[in-house]
Amino acid sequence: MTSPPPRPRARCADSSRRSALKLGSLGLFGTAALPRFLQLAAQAAEGGKSKPVESVLLFEHYGAPSHIDTWDPKPDAPDTIRGEFGPIETSLPGYRVTEIMPRIARLCDRFCMVHTMSHKIFNHNPGTYQSITGNGNIRDVVQVANGPTDWPAYGSVMAKYRGPRGDVPPFVSLPHVAFDQVYKCPGQWGGLLGNEYDPFFITRDPNDAKFAVNDFDLPAELDPNRLADRRRLLDCVDRATRRIDEIALREQLDNNYARAFDLLTSPDLKKAFDLSQEPAALRDRYGRNKVGQSLLLARRLIESGVRFVTCFSGSSPGDPFGWDTHGDNFTRLKNKLMPFDDQGFSALIEDMEQRGLFESTLVIWAGEFGRKPQIAEKGPTFVSAGGRDHWPSCYTIAFAGGGVKRGFRLGKSDVIGAFPGDEPTEPSDIAATLYWAMGIDPHATRIHDQFGRPQPLSEGRVLTE
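What counts and how
Residues numbered from 1 in each chain as written. Predicted model: local features only at pLDDT ≥ 70, side-chain atom pairs only at ≥ 80, totals over all residues. Heavy atoms only, no water. Helix = DSSP H or I, 4+ residues; strand = E, 2+ residues; numbered from the N terminus. Buried < 20%, exposed > 50% of the residue type's maximum accessible area, 1.4 Å probe, protein only. Contact = heavy atoms within 4.5 Å. Areas by Shrake-Rupley, 256 points an atom, 1.4 Å probe, with all protein chains shown as cover. Pairing = 2+ DSSP bridges. Salt bridge = Lys/Arg side-chain N within 4 Å of Asp/Glu carboxyl O. pLDDT = per-residue confidence, 0-100. Phe/Tyr/Trp six-rings, centres within 6.5 Å; stacked < 30°, edge-to-face > 60°. Lys NZ or Arg CZ within 6 Å of the ring centre and 35° of its normal.

**Things to note about the overall build of the protein chain**
Here is step 1: A tally of regular secondary structure across the protein chain gives 13 helices and 16 strands.
Here is step 2: Taking all 465 residues of the protein chain together, the buried fraction comes to 57%.
Here is step 3: Considering only residue pairs separated by 6 or more positions, the protein chain has 74% of its internal contacts joining residues 24 or more positions apart.
Here is step 4: Taken as a whole, the protein chain presents about 19700 Å² of accessible surface, with 51% of it coming from carbon and sulfur.

**What to know about the pairing of strand 5 (residues 171-174)**
Here is step 1: The alternating pattern of strand 5 places Phe171 and Ser173 and Val172 and Leu174 on opposite faces, both of which are buried.
Here is step 2: Where strand 5 and strand 8 (residues 200-201) come together, two bridges link them in parallel fashion. Following the sheet pairing, Ser173 is matched in strand 8 by Phe201.

**Quick word on the pattern of salt bridges**
Working definition: two side chains of opposite charge can pair if their charged atoms are close together.
Here is step 1: Inspection of the entire model under this criterion finds 22 salt bridges.
Here is step 2: The salt bridge partner of Glu353 is Arg110, with a shortest N-O separation of 3.3 Å. Remark: Arg110 occurs in the loop between helix 4 (102-105) and strand 4 (111-117) and Glu353 occurs in helix 12 (residues 329-354); sequence separation between them is 243 residues.
Here is step 3: On the basis of relative accessibility, which here comes to 27%, the residue Glu353 falls in the partly exposed class.
Here is step 4: Here Arg461 makes a salt bridge to Glu465, at a shortest N to O gap of 3.3 Å.
Here is step 5: We classify Arg461 as partly exposed; its relative accessible area is 26%.

**Quick notes on the side chain of Thr128**
Here is step 1: Within the secondary structure, Thr128 is located in helix 5 (residues 124-133).
Here is step 2: A relative accessible area of 0% means that Thr128 is categorised as buried.
Here is step 3: Those residues in contact with Thr128 that sit more than four places away from it in its chain are Tyr62, Cys185, Phe312 and Glu368.

**Remarks on the confidence of the model for the protein chain**
Here is step 1: Across the protein chain, pLDDT averages 84, with 77% of residues at or above 70.
Here is step 2: In the predicted structure, residues 1-33 sits below a pLDDT of 50 and forms 49 contacts with residues beyond four places in sequence or in another chain.
Here is step 3: Counting interchain partners and residues more than four positions distant, the pLDDT-below-50 stretch residues 43-51 has 12 contacts.

**Description of the side chain of Thr98**
Here is step 1: Within the element layout of this structure, Thr98 appears in strand 3 (residues 96-98).
Here is step 2: The contacts of Thr98, once residues within four sequence positions are left out, are Ile68, Asp69, Thr70, Pro73, Phe85, Gly86, Pro87 and Ile88.

**Here's the deal with the environment of Thr80**
Here is step 1: Mapping Thr80 onto the fold places it in helix 3 (residues 79-82).
Here is step 2: Thr80 sits 297 residues away from Glu377 along the chain, and the two C-alpha atoms are 9.2 Å apart.
Here is step 3: Those residues within four positions of Thr80 in sequence are excluded, and the remaining contacts are Pro373, Gln374 and Ile375.

**Digging into the packing of aromatic side chains**
Here is step 1: Following the criterion strictly, the structure yields 11 aromatic pairs and no others.
Here is step 2: Ring centres of Phe59 and Phe345 lie 5.7 Å apart, and the angle between their planes is 20°; this geometry places the pair in the stacked category. A residue pair is termed long-range when its members are at least 10 positions apart, and Phe59 in strand 1 (residues 55-61) and Phe345 in helix 12 qualify at 286 residues. Taken as a pair, Phe59 and Phe345 share a single burial class, namely buried.
Here is step 3: Through a chain of ring-to-ring contacts, the aromatic side chains of Phe59, Trp71, Phe111, Phe345 and Trp365 assemble into a single cluster.
Here is step 4: If you follow Lys160 out to its NZ or CZ, it ends over the ring of Tyr161, 5.5 Å from the centre.
Here is step 5: We note Lys405 situated over the ring of Phe408; from NZ or CZ to the ring centre the distance is 4.9 Å.

This is how it looks when you write it as structure tokens:
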């Protein structure tokens, strides 16, 4: 990176408390956190390995979709297990999904389905943590809070070891933060890697007519022409606090400060968040709803250079558009959940394929676990008639793009979808495979835990098959 041109010196006496406050109000990627983030990302990129996958889009269904009622129907099972939905043929010969997925069914020859996902965590917070980090070292209790010693999110790892591309953040999460009651699900942040690798959160509904992302906007009173003044003020603070022996670090930080200000004024960045740039017909194809427009925004972010996008469907167990179907499972899936999902996700796959993004981008359809094969009759606790309880022993996730085998099924569940019919696939295996696809060695690459001990990114097996 070339050094920025010399800047006029500023007198420290010209600074004021008000100026300093203005300087610190430049948004989420302000002048304090962003340069440090850019510095560490640049250091990581220098030691990167091969890069077969340039970006990843994780479509995470919070609340846990029923695998039996979606990707893995059991039409020959008793009616107390198979449920209300019949199977339909797909574009993949010999493979069927349920009738509530007609558009996705036409694209199944593009997917690799893993039907043997299995682990032992029954609760949403720790289950989601495991799903988005690949690390299951967490207590299986309802309320688990996030903290700095959490294992990092997949996107945080990619931000560190692959770094940013252009003037966009490497990791974005939308359209809300996942939580259970009062606790945000752990694993959504940089955790042990540090908050430099936290995602840029978009917590607004992209389907809202007033949707806008303003974190990169300058305060109204701060004209872009006055940024030089703020940079000189920052130089003044730096000169007052840095030691002489930190000259080399200062020069690197100066470069990152320059990039930070570039981000704050980047027209390309603002354009990436501007859904009005999309044709009305394409927005209609994705669906004029939160899920559809979130997926469309995710595609725009991938196209703009974002390395990793996590797109949540459902924000909490109590979300009426979440996937925690303890009661009224079939009506909710048929009328509230799968119509948006079927439309938006199929549009995403077709759109990315048409734009040439499919091979360089790995797309993942996932949830934290599955649902119990037996349909509830009347309880006993919070599971009401027609609902399905949590079930981590067996469930399905699907992959597309990114070099995975098209029209491939990895493993089979048993006759009722209760357990893997052959070798189970664990979240740690997904983590190892994901990192391997990114060009990051999951076993040789190590991070330090809260006790300073080096730990491999994943101890799972790479699913080369």
